[in-house]
Amino acid sequence: MTFDEFKQLKDDISIIKLRHCPFCGGHAEILIGLGEYWAHCVICTASTKMENSYYHASEAWNRRYKP
Ligand SMILES: [Zn+2]
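Residues numbered from 1 in each chain as written. Predicted model: local features only at pLDDT ≥ 70, side-chain atom pairs only at ≥ 80, totals over all residues.

A separate point is the overall build of the protein. Each helix and strand counted, the protein has two helices and two strands in total. Seen in sequence order, the protein has helices and strands lined up from the N terminus as α-β-β-α. Counting all 67 residues of the protein, 16% fall into the buried class. Sequence-distant contacts, at least 24 apart, represent 25% of the contacts inside the protein between residues at least 6 apart. (Helix = DSSP H or I, 4+ residues; strand = E, 2+ residues; numbered from the N terminus. Buried ≥ 20, exposed ≤ 12 C-beta atoms within 10 Å, placed from the backbone. Contact = placed C-beta atoms within 7 Å.)

Below, the structure is given as structure tokens:
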């Protein structure tokens, strides 16, 4: 990861707030592996599919949220 990418990632993290899990209300977080990003719930491990950026993973997670 280059410095610019790291800086971009930090910017992304600071502007996107993950909603709580739609299934259990737990805390969600973004995982990064092998250049892929996905969101998951730390309580029930519900997760999104792999996305190619932190932003898209966050979007995917927040889109599935149903109050
Ligand atoms: Zn959950």
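Let's shift gears to helix H2 (residues 54-63). Those residues of H2 that fall on the buried side of the exposure criterion are Tyr 54, Ala 57, Ser 58 and Trp 61. The buried residues of H2 occupy an angular sector of 100° when the element is viewed end-on, so they sit on one face. (Arc of directions from axis to C-beta.)

Let's shift gears to the pairing of strand E1 (residues 28-33). Bridge count for E1 against strand E2 (residues 36-41) is six bridges, and the pairing is antiparallel. Each bridged residue has a counterpart across the sheet, and for Leu 31 the counterpart in E2 is Trp 38. Count of turn residues in the E1/E2 antiparallel hairpin: two residues, of which Leu 34 carries a positive phi of about 50°. (Pairing = 2+ DSSP bridges.)

Our next topic: the nonpolar core. Cys 21, Ala 28, Ile 30, Tyr 37, Ala 39, Cys 41, Tyr 54, Ala 57 and Trp 61 together form the largest nonpolar core, which totals nine residues. For this core, the secondary-structure elements that each account for two or more residues are E1, E2 and H2. If near-sequence neighbours (up to four positions away) are discounted, Ala 28 is found in contact with Leu 18, Arg 19, His 20, Cys 21, Ala 39, His 40, Cys 41 and Trp 61. (Core = buried A, V, L, I, M, F, W, Y, C linked by C-beta atoms within 7 Å.)

The subject of this paragraph is the environment of His 40. Along the chain, His 40 falls in strand E2. When the C-alpha atoms of His 40 and Ala 57 are compared, they prove to be 9.5 Å apart, with 17 residues separating the residues in sequence. Leave out the neighbours within four places in its chain, and His 40 touches Ala 28, Glu 29, Leu 31, Thr 45, Ala 46 and Ser 47.

Here the focus is the environment of Ile 30. As for its placement among the helices and strands, Ile 30 is situated in strand E1. Residue Ile 30 is classed as buried on the basis of its C-beta count, with 20 C-beta atoms lying within 10 Å. Residues Ile 30 and Ser 58, spaced 28 residues apart in sequence, show a C-alpha to C-alpha distance of 7.3 Å. Every residue in contact with Ile 30, bar those within four places of it in the chain, is listed here: Tyr 37, Ala 39, Tyr 54, Ala 57 and Ser 58.

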